[in-house]
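Tertiary structure, described
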Amino acid sequence: MSLIKEIKYSLHVTVRPFDGYWDLKYENKGRLRVALLVLLGVTVTMILKRQYAGYVVNDNYPLSLNSINELKYIILPFLLWCISNWSLTTLMDGEGKFRDILIATGYAMLPLILINIPNILLSNVITLRESSFYYLFDSIGVIWFVWLLFIGTKTVHQYSVIKTISTMLLTLVVMGIVIFLGLLFFSLIQQIISFVYTLYQEVALRK
Amino acid sequence: MKVRSWLIVLAASLLISGFGHNVSYGAPYEGYTYNYWGNSVKSPIAFLPSRVITGNDAGTGAWQSPLDLYAAHNGLLYVLDSGNGRIIVLNDKWETMRVIQHFEHEGKEDSFLNPEGLFVTESGQIYVADTENRRVVELNPDGTFVRAIGAPESDVISDTFEYFPRKVIVDKAGRIYVVGRGVYEGLIEFDSDGRFTGFMGTNRVQFDPVDLFWKSVSTKEQREKMIRFIPLEFNNADIDEGGFIYTTTADKNTASAVKKLNPSGIDVLRVNGEFAPVGDLSINRSSFIDIQVSSNGVYRALDSTRGRVFTYNEDGNLLYVIGQLGNQKGTFKNPVAIESYGDAIYVLDRDLGQITQFKPTTFGGLVNEANRLYSSGKHSEAATLWQEVLRLDANYEMAYVGIGKSMLREGKYKEAMTHLKLGNDREYYSRALAKYRREYMREYFGIYMTVAIGVLVSLILWRRIARSRNERGARDVAN
């Protein structure tokens, strides 16, 4: 399948999620490179949104804009979600492999691109009173994304509805735990380093 | 050899740039304002110190911890020399006209005891908050005693109420408002006959959910040691020509450090800017100790944390900041009172016992004048002055907004949008955008529709042709 066809297929997943995710998993139509492409696309549109969204809805302080931030707000949560979901579902009899989770999550983010780009254009011609449309489309994008993520998780792991919802909520908890452990780890490493350094100073200055 | 000549050039240039540095820091403080995002941005200095007067200069001997100042409508400056218990009246040349120290009260000689507040009515009647004597004294312009108003008497006041009047203001109808020490109920109001009529303008209790949580989980003993939720007390007040009372609160956490009370005691202060008038937006906030309302709604608040004077217009936009704590001329040690007369600002310093007079610079004068025109609705006249302001300070957001609004009225929507964006006024930007959009569409709607319809028609045609060709091809294959 060529890349164009794969991208066309990802659009099919977006509008027909039940059918699309099924084929994604069992017909092997999902491609990791498309998922990563979508991730890249979301990152880029978010950067564009921060910079070029119309002045009426754009409250960013220009000097504080930094594209590296998108790593923090998009790439890191994406990876965190996939890792947490994988860790959790391996314990909860999920059928999905890590690759499946990456692909399902990646494809689910496509609506964010589809909504964001026209929304950025729209935001440049609307007034303050019409800005609620902008926010409406924005939330439609997010809801669509969550809906796709739900179908994706359900299909990939072959869960019931209740189990899918509880898994998704638990994944958020696990994400929190991972962040906590990460911070703890870094703080401990920092203390070890400073301890070793103090020890070194103590020895070095004792000549 | 080459290296050495390079070094000499380098040293010389460093030296010259160093000199330049010193020259540009002639003023004792830096000018700044806050931008839309709450970052401080540099601004030209609006007022510079022009004169300093001490008690010795005025010929009355040193002033001992003077606590209040009043600039009367006729240009006389009244200084309350609290430590010596006297009032000094200076004329506009800063010569002592009168010293009021003793007055005859019920046949005996009476005097003040640590008075903290002073007010002079338009007719020249002097009101003094005679703090330690627990009374407000009214004097005639020549210093003769008229009456003394003692502690408020009413059923609503508890027996443990301690009356220490700190500041006093009098409105045009002769009603007297007193700021009392430790009085949380608001301003104490007396009618023109000196009878207590009630409290007005009580500060709301500050509610903090976090505190509430800790209170609910702590034991009774712990709770007793915590700070109690009490409303904040006012520490100063001023009254404007329309009878609105401006009050200040010293608390650093309140969002309404300044209040504008209408006659029924409701806060009607306008806050059009992004931030309420609270002074500095840093973590260690300002605490206001005096406020002064000058003409057309401009008010100045004196901050005791860093010794700065914040000037706001009637919409609550910060115009400029002057002053600082320090040891130079134009800086203060312990500023306690602020007044203004004409275009000059006076700040009274308690520890140094002196008054500093500030006069506007070109920039300050321009801002004042532009703001005056702007608030009286003369937008196009104001716009030309705002242009001048921008030439001196390209960071001045109010100037962009002023120009933008005037352009919006003149129908220059595109330029108005540019200026309103620079001034960060989204509401007016949006109005300009709506007008511009309509104008743009009226002009280009025909062209866009022609192109769109053309594209649509050719697309349909193209598809139809392609389809018929396919069908023909299929028929050929079938045949």
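Model, not experiment: these values are computed from the prediction.

**What to know about the environment of Glu106(B)**
Structurally, Glu106(B) can be placed in the loop between strand S8 (102-105) and strand S9 (108-111). Residues Glu106(B) and Gly353(B) lie 247 residues apart in sequence; the distance between their C-alpha atoms is 33 Å.

**Concerning the interface of chain B and chain A**
In this complex, chain B contributes 15 residues to the contact, which on the side of chain A involves 14 residues. In total, chain B and chain A occlude about 1200 Å² of area from one another, counting both sides; carbon and sulfur atoms represent 58% of this. On the chain B side of the contact with chain A, Trp37(B), Arg426(B) and Arg437(B) bury the most area, a combined 50% of that side's loss. One can count two salt bridges joining chain B with chain A. If you tally residues by element for the side of chain B that touches chain A, the top one is helix H9 (residues 426-478) of chain B, at seven residues. Class assignment of the residues belonging to the side of chain B that touches chain A gives a composition of six nonpolar, four polar and five charged.

**Some remarks on the sheet that holds strand S19 (residues 245-248) of chain B**
Within a beta sheet, neighbouring strands are joined by backbone hydrogen bonds and run either parallel or antiparallel to one another. All names here are of chain B. The strand order across the open sheet built from three strands is S18-S19-S20, with neighbouring strands paired in antiparallel fashion. Every other strand in the sheet has two partners, leaving strand S18 (236-239) and strand S20 (258-261) as the edge strands with one partner each. Here the average twist between neighbouring strands, direction ignored, is 20 degrees. Here four bridges tie S18 to S19, and the two strands are oriented antiparallel to one another. Opposite Asp 238, over in S19, you have Tyr 246 as the bridge partner.

**As for the pairing of strand S14 (residues 165-170) of chain B**
Residue and element names in this part refer to chain B. The buried fraction of S14 amounts to five of the six residues, a majority that puts the element mostly inside the structure. Sheet analysis places S14 next to strand S15 (residues 176-180), joined by five bridges and oriented antiparallel. Residue Lys 167 lies in a different strand from S15, and its bridge partner there is Val 179. Linking two consecutive strands that pair antiparallel, namely S14 and S15, is a turn of five residues; a positive phi of about 90 degrees is found at Gly 174 within it.

**Things to note about the packing of helix H1 (residues 3-15) of chain A against helix H3 (residues 32-52) of chain A**
Residues and elements named next belong to chain A. In the contact formed by H1 and H3, the axes pass within 10 Å of each other and the chain directions differ by 70 degrees. Overall, the two elements H1 and H3 adopt an arrangement that is roughly perpendicular. Crossing hand, H1 versus H3: right-handed. Contacts between H1 and H3 pair Leu 3, Glu 6, Ile 7 and Ser 10 from the former with Arg 33, Val 34 and Leu 37 from the latter. Residues of the contact of H1 with H3, tallied by class, amount to four nonpolar, one polar and two charged.

Conventions we followed
Residues numbered from 1 in each chain as written. Chains lettered and ligands numbered in written order. Predicted model: local features only at pLDDT ≥ 70, side-chain atom pairs only at ≥ 80, totals over all residues. Heavy atoms only, no water. Helix = DSSP H or I, 4+ residues; strand = E, 2+ residues; numbered from the N terminus. Contact = heavy atoms within 4.5 Å. Buried area = accessible area lost by both parts, 1.4 Å probe. Salt bridge = Lys/Arg side-chain N within 4 Å of Asp/Glu carboxyl O. Nonpolar A, V, L, I, M, F, W, Y, C, P; charged D, E, K, R; others polar. Pairing = 2+ DSSP bridges. Axes fitted to C-alpha atoms, helices over the stretch in contact; angles between N-to-C directions. Buried < 20%, exposed > 50% of the residue type's maximum accessible area, 1.4 Å probe, protein only. Parallel < 35°, antiparallel > 145°, perpendicular 65-115°, else oblique. Left-handed = near helix turned anticlockwise from the far one by under 90°.

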